[in-house]
Amino acid sequence: MNKTEIVEQVSIKTGLPKKKVEQIVNLFLDNIKEEVQNGNDVEIRGFGTFFRLYQEKRNVKSPIAGKTIEVPAKNKICFKASKTTESKIKGA
């Protein structure tokens, strides 16, 4: 499912226009990105937590070139599902 499909489903279930739902979804996602970028965790109880993880630089071997390549350090966004979400997925 992609963002367009989410907007469509929420629009159908709420009766709100798609444009309004799209604005809400975009604001929701923008807020998550902004908070994580600022180093804050975003916890949605019963769903999970978005957080920033710093990954040190590392060396990896390229299977194509056969050479060792240095991957630079970076921050990445991660998601940890809540126990409730995990149990629903496992039970599906």
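Remember, it's a predicted structure, so these values are computed and weren't measured experimentally.

A. Summary view of the overall build of the protein chain. When you go through the protein chain residue by residue, the secondary structure sums to 3 helices and 5 strands. Along the chain direction, N to C, the helices and strands of the protein chain fall in the order α-α-β-β-β-β-β-α. Relative to the compact-globule value of 12 Å for 92 residues, the protein chain shows a C-alpha radius of gyration of 18 Å, a clear excess of over 25%. Taken along the three principal axes of its C-alpha coordinates, the protein chain extends 55 × 30 × 30 Å. Contacts in the protein chain between residues at least 24 apart in sequence constitute 30% of all its contacts with a sequence separation of at least 6. Accessible surface, the protein chain: about 7,700 Å² in total, of which carbon and sulfur atoms supply 54%. Each charge class in the protein chain can be summarised by its mean position, and for the 18 positive and 11 negative side chains these summaries are 5 Å apart.

B. Quick peek at the pairing of strand β2 (residues 48-55). In the sheet, strand β1 (residues 42-44) pairs with β2 via 3 bridges, with the strands oriented antiparallel. Of the residues in β2, the one forming a bridge with Ile44 is Gly48. By the bridge criterion, 8 bridges tie β2 to strand β5 (residues 74-81) in an arrangement that is antiparallel. Of the residues in β5, the one forming a bridge with Gly48 is Ala81.

C. Here's a closer look at the pattern of salt bridges. All chains considered together, the criterion is met by 4 salt bridges. We note a salt bridge from Asp30 to Lys33, for which the minimum N-O separation is 3.5 Å. Of the two residues, Asp30 and Lys33 both sit in helix α2 (residues 18-37), 3 residues apart, roughly one turn of that helix. With its nearest N and O atoms 3.3 Å apart, the salt bridge here joins Glu86 to Lys80. According to the relative accessible area criterion, Glu86 is partly exposed, its value standing at 31%.

D. Looking closely at the environment of Leu16. Summarising the element assignment, Leu16 is placed in the loop between α1 (3-14) and α2. Residue Leu16 is classed as partly exposed on the basis of its relative accessible area, which comes to 37%. Once you skip the residues sitting within four places of it in the chain, Leu16 turns out to touch Ser11 and Val21.

Basis of the calculations
Residues numbered from 1 in each chain as written. Predicted model: local features only at pLDDT ≥ 70, side-chain atom pairs only at ≥ 80, totals over all residues. Heavy atoms only, no water. Helix = DSSP H or I, 4+ residues; strand = E, 2+ residues; numbered from the N terminus. Rg over C-alpha atoms; globule rule 2.2 N^0.38 Å. Contact = heavy atoms within 4.5 Å. Areas by Shrake-Rupley, 256 points an atom, 1.4 Å probe, with all protein chains shown as cover. Lys, Arg positive; Asp, Glu negative; His and termini not counted. Charge placed at Lys NZ, Arg CZ, Asp CG, Glu CD. Pairing = 2+ DSSP bridges. Salt bridge = Lys/Arg side-chain N within 4 Å of Asp/Glu carboxyl O. Buried < 20%, exposed > 50% of the residue type's maximum accessible area, 1.4 Å probe, protein only.

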